[in-house]
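Spelled out, the chains give:
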Amino acid sequence: MRLTVEPLDPVRHLAQLHAWVTHPRSVFWGMQDATPAQVHDEYARIADDPHHHALLGRADGEPAFLVERYDPAHSPLAGLPELRPGDVGMHVLVAPTDTPVHGFTSAVMRRVMEECFADPAARRVVVEPDARNDRIAVLNAAVGFVVAREVELPDKTATLSFCSRADFAASTLGAAS
């Protein structure tokens, strides 16, 4: 299976994007009740932000996941003492499906981490998932993230976690790449 990423177009990809972020399985994305116009506005804002980028992921050419990369120094994480130069923030959403493929989410996570570390300036990847999201906690650990602590953000209690290049390379999923 070939996993690729490309810039997200908030107009062209809106129907797919809206279906994904409002799906009941995407509850931790925080857009459950969003209208198509609200989803468009959020991703148009991201497209206009030089410190935040949204990418559409494809599996063998078919839309399959969403990735956001951002500069934590220009995010709700700004000012946290754990942040360092070279940190890149990341969000990932694998498209909800009624026909899951074994190992697909792990393959997506590995591809997303490779994408984040493709930038030579990236020293660590930062994530801040909702502390109640047990499924992403397991996936984050498998790719090498180390939990720093819980932090209060405007919309959630988050588990602030970091993954260095070395952590990724030594992880279960990173070693498989």
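Parameters at a glance
- Residues numbered from 1 in each chain as written.
- Predicted model: local features only at pLDDT ≥ 70, side-chain atom pairs only at ≥ 80, totals over all residues.
- Heavy atoms only, no water.
- UniProt positions renumbered as here; feature names shortened; annotations may be inferred.
- Helix = DSSP H or I, 4+ residues; strand = E, 2+ residues; numbered from the N terminus.
- Rg over C-alpha atoms; globule rule 2.2 N^0.38 Å.
- Buried < 20%, exposed > 50% of the residue type's maximum accessible area, 1.4 Å probe, protein only.
- Contact = heavy atoms within 4.5 Å.
- Pairing = 2+ DSSP bridges.
- Axes fitted to C-alpha atoms, helices over the stretch in contact; angles between N-to-C directions.
- Parallel < 35°, antiparallel > 145°, perpendicular 65-115°, else oblique.
- Left-handed = near helix turned anticlockwise from the far one by under 90°.
- Nonpolar A, V, L, I, M, F, W, Y, C, P; charged D, E, K, R; others polar.
- Core = buried A, V, L, I, M, F, W, Y, C linked by side-chain atoms within 4.5 Å.

- Going by what an unreviewed UniProt entry lists, the protein is known as Lysine N-acyltransferase MbtK and is assigned to Nocardioides eburneiflavus.
- Its UniProt record gives the protein a comment under Pathway (unreviewed entry), which states: "Siderophore biosynthesis; mycobactin biosynthesis."
- Taken verbatim from the UniProt record of the protein, the Function (unreviewed entry) comment is "Acyltransferase required for the direct transfer of medium- to long-chain fatty acyl moieties from a carrier protein (MbtL) on to the epsilon-amino group of lysine residue in the mycobactin core."

### What about the overall build of the protein?
Phase 1: Counting its regular elements, the protein contains five helices and seven strands.
Phase 2: Going residue by residue from the N terminus, the α and β elements of the protein occur as β-α-α-β-β-β-α-β-α-β-β-α.
Phase 3: Taking 2.2 N^0.38 as the reference for a compact globule, 177 residues should give roughly 16 Å; the C-alpha atoms of the protein span a radius of gyration of 15 Å, in line with that estimate.
Phase 4: Here the C-alpha coordinates of the protein stretch approximately 35 × 35 × 30 Å along the principal axes.
Phase 5: Taking all 177 residues of the protein together, 47% fall into the buried category.
Phase 6: A separation of at least 24 residues holds for 61% of the contacts in the protein among residues at least 6 apart in sequence.

### Focus on the pairing of strand β6 (residues 146-153)
Phase 1: Bridging between β6 and strand β7 (residues 156-164) involves seven bridges; their strand directions are antiparallel. Bridge pairing in β7 places valine 146 opposite phenylalanine 162.
Phase 2: Connecting β6 to the antiparallel partner β7 that follows it, the hairpin turn spans two residues.

### As for the UniProt feature "domain: Acyltransferase MbtK/IucB-like conserved" (unreviewed entry) in the protein
Phase 1: The feature "domain: Acyltransferase MbtK/IucB-like conserved" (unreviewed entry), as given by UniProt, occupies residues 6-53 in the numbering adopted here.
Phase 2: Note that residues 6-53 is 44% helix and 8% strand, and that its end C-alpha atoms are spaced 10 Å apart.

### Brief notes about the packing of helix α3 (residues 104-117) against helix α4 (residues 134-143)
Phase 1: Interaxial distance between α3 and α4 falls to 10 Å at its minimum, and their mutual angle equals 55°. The angle between the axes of α3 and α4 places the two elements in the oblique class. Two packed elements cross with a definite hand, and for α3 against α4 that hand is right-handed. Only Leu139, Asn140 and Val143 of α4 make contact with α3, whose side of the interface consists of Thr105, Ser106, Met109 and Met113.
Phase 2: Grouping the constituent residues of the contact of α3 with α4 by class yields four nonpolar, three polar and no charged.

### Points about the nonpolar core
Phase 1: Judged by nonpolar contacts, the single largest core of 27 residues is most densely connected at Met90, Val112, Met113, Val125 and Phe145.
Phase 2: Of all the elements, α3 adds the most residues to this core, at eight residues.
Phase 3: In contact with methionine 113, not counting residues within four places along its chain, are Met90, Val125, Val143, Phe145, Cys163 and Phe168.
Phase 4: Core analysis: the second largest hydrophobic core is formed by 16 residues, Leu14, Tyr43, Leu56 and Leu66 among them.

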